[in-house]
Amino acid sequence: MALGLRCFRWVQPGFCNSLLVLTKPVSGVRLNSANITWNDCQQCGAFPIVPIRHFATKKAKAKGKGHSQPRVNINASLVEDIIRLEEVDGEMKSVVEALKDNFNKNLNIRTSPGSLDHITVTTADGKFALNQIGQISLKSPQLILVNMTNFPECTAAAIKAIRESGMNLNPEVDGTVIRVPIPKVTREHREMLVKLAKQNTNKAKDALRKVRTNAMNKLKKSKDTVAEDTIKLIEKQIGQMADDTAVEMDKHLAQKTKELLG
């Protein structure tokens, strides 16, 4: 019994210090020493620091996700010997303008004669806009006429192009005149136009990606002569431009969807 109490007295200081190390935060942990008596001889026992890892809470992680990456704003004139950012920006804007033009001409609640103008007709002599080979007029609010008298041999190709235009049109032929009844504005018709708007937007985004890829490929040719940091900044600038253009496309799509669904 006496021996057990003596052993406990030897172990107690180290045991207590170990508990303190494990329970204190990292900032409060120190290298503590315990004096152990063994046959009237003192020895100093050092207890190592135990590192404690503080894991990020869910709240802290969520807070970090909300921070946006800093934007790059390069002066185009300073890098024009590497790549012409103004030209890249112009190409991206052209894609947006083409999408808006498509929306205005082809995706209307009520079909107008002008909406048929740029339907592409594939003939033996090449591809032509419908208004180049036929005279388009409005017979009544419910009927459009396409007179193919000047190019009667293209009548069949014109009918096919109108049917496949995605405008929900079902043309009828009357000699060299194509009669195009204007469909009633039903809920199904509106939803079909919205679907076409989304498809056209996706095609425009494909064209945008090509512009971005071409710009990046052009930039790669300068990697041997331009500092790596400069190349990365320009790449980020081009990526920013493409992202901003895609956001603009989505805004136009949202506006068109609202207009079509009423």
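Keep in mind that what you see is a predicted model, and the values were worked out from it rather than measured.

Observations regarding the confidence of the model for the protein chain
Stage number 1. Taken residue by residue, the protein chain gives an average pLDDT of 79. The fraction at 70 or more is 73%.
Stage number 2. Looking across the protein chain, the model is least confident in strand β1 (residues 33-38), with a mean pLDDT of 42, and most confident in strand β8 (residues 177-181), with 95.
Stage number 3. When the criterion is pLDDT under 50, residues 18-56 qualifies, and its contacts beyond four places in sequence or with other chains add up to 39 contacts.

Here we look at the packing of helix α3 (residues 85-106) against helix α6 (residues 187-220)
Stage number 1. Contact geometry of α3 with α6 gives a least axis separation of 10 Å together with a crossing angle of 170°. Overall, the two elements α3 and α6 adopt an arrangement that is roughly antiparallel. Contact residues: Val 88, Glu 91, Met 92, Val 95, Leu 99, Asn 102 and Phe 103 in α3; Ala 197, Asn 200, Thr 201, Ala 204, Ala 207, Leu 208, Val 211, Arg 212 and Ala 215 in α6.
Stage number 2. Counted by class, the contact of α3 with α6 contains 11 nonpolar, three polar and two charged residues.

Quick look at the environment of Ile 234
Stage number 1. If you trace the backbone, Ile 234 turns up in helix α7 (residues 228-261).
Stage number 2. Along the chain, Ile 234 and Met 216 lie 18 residues apart, while their C-alpha atoms are 9.0 Å from each other.
Stage number 3. Apart from residues no more than four positions distant in its own chain, Ile 234 is found in contact with Ile 74, Val 79, Ile 82, Ile 83, Leu 85 and Leu 219.

Considering the pairing of strand β3 (residues 120-123)
Stage number 1. Burial along β3 is one-sided: the residues Val 121 and Thr 123 are buried and none of Thr 120 and Thr 122 is.
Stage number 2. Judged from the four bridges that link them, β3 and strand β4 (residues 126-129) form a sheet pairing that is antiparallel. Bridge pairing in β4 places Val 121 opposite Phe 128.
Stage number 3. Hairpin geometry of β3 and β4 is characterised by an intervening segment of two residues between the two adjacent antiparallel strands.

Brief notes about the pattern of salt bridges
Proximity of charged atoms lets side chains of opposite charge pair with each other.
Stage number 1. Counted by the stated rule, this structure contains 11 salt bridges.
Stage number 2. For Glu 97, the salt bridge goes to Lys 100, with nearest N and O atoms at 3.5 Å. Of this pair, Glu 97 and Lys 100 both sit in helix α3, three residues apart, roughly one helical turn.
Stage number 3. Residue Glu 97 is classed as partly exposed on the basis of its relative accessible area of 44%.
Stage number 4. What makes Lys 100 partly exposed here is its relative accessible area of 28%.
Stage number 5. One salt bridge connects Glu 228 with Lys 232, and the closest N-O pair in it is separated by 3.4 Å. Of the two residues, Glu 228 and Lys 232 are both situated in helix α7; the distance of four residues between them amounts to about one turn of the helix.
Stage number 6. A relative accessible area of 54% means that Glu 228 is categorised as exposed.

Rules used in this analysis
- Residues numbered from 1 in each chain as written.
- Predicted model: local features only at pLDDT ≥ 70, side-chain atom pairs only at ≥ 80, totals over all residues.
- Heavy atoms only, no water.
- pLDDT = per-residue confidence, 0-100.
- Helix = DSSP H or I, 4+ residues; strand = E, 2+ residues; numbered from the N terminus.
- Contact = heavy atoms within 4.5 Å.
- Axes fitted to C-alpha atoms, helices over the stretch in contact; angles between N-to-C directions.
- Parallel < 35°, antiparallel > 145°, perpendicular 65-115°, else oblique.
- Nonpolar A, V, L, I, M, F, W, Y, C, P; charged D, E, K, R; others polar.
- Buried < 20%, exposed > 50% of the residue type's maximum accessible area, 1.4 Å probe, protein only.
- Pairing = 2+ DSSP bridges.
- Salt bridge = Lys/Arg side-chain N within 4 Å of Asp/Glu carboxyl O.

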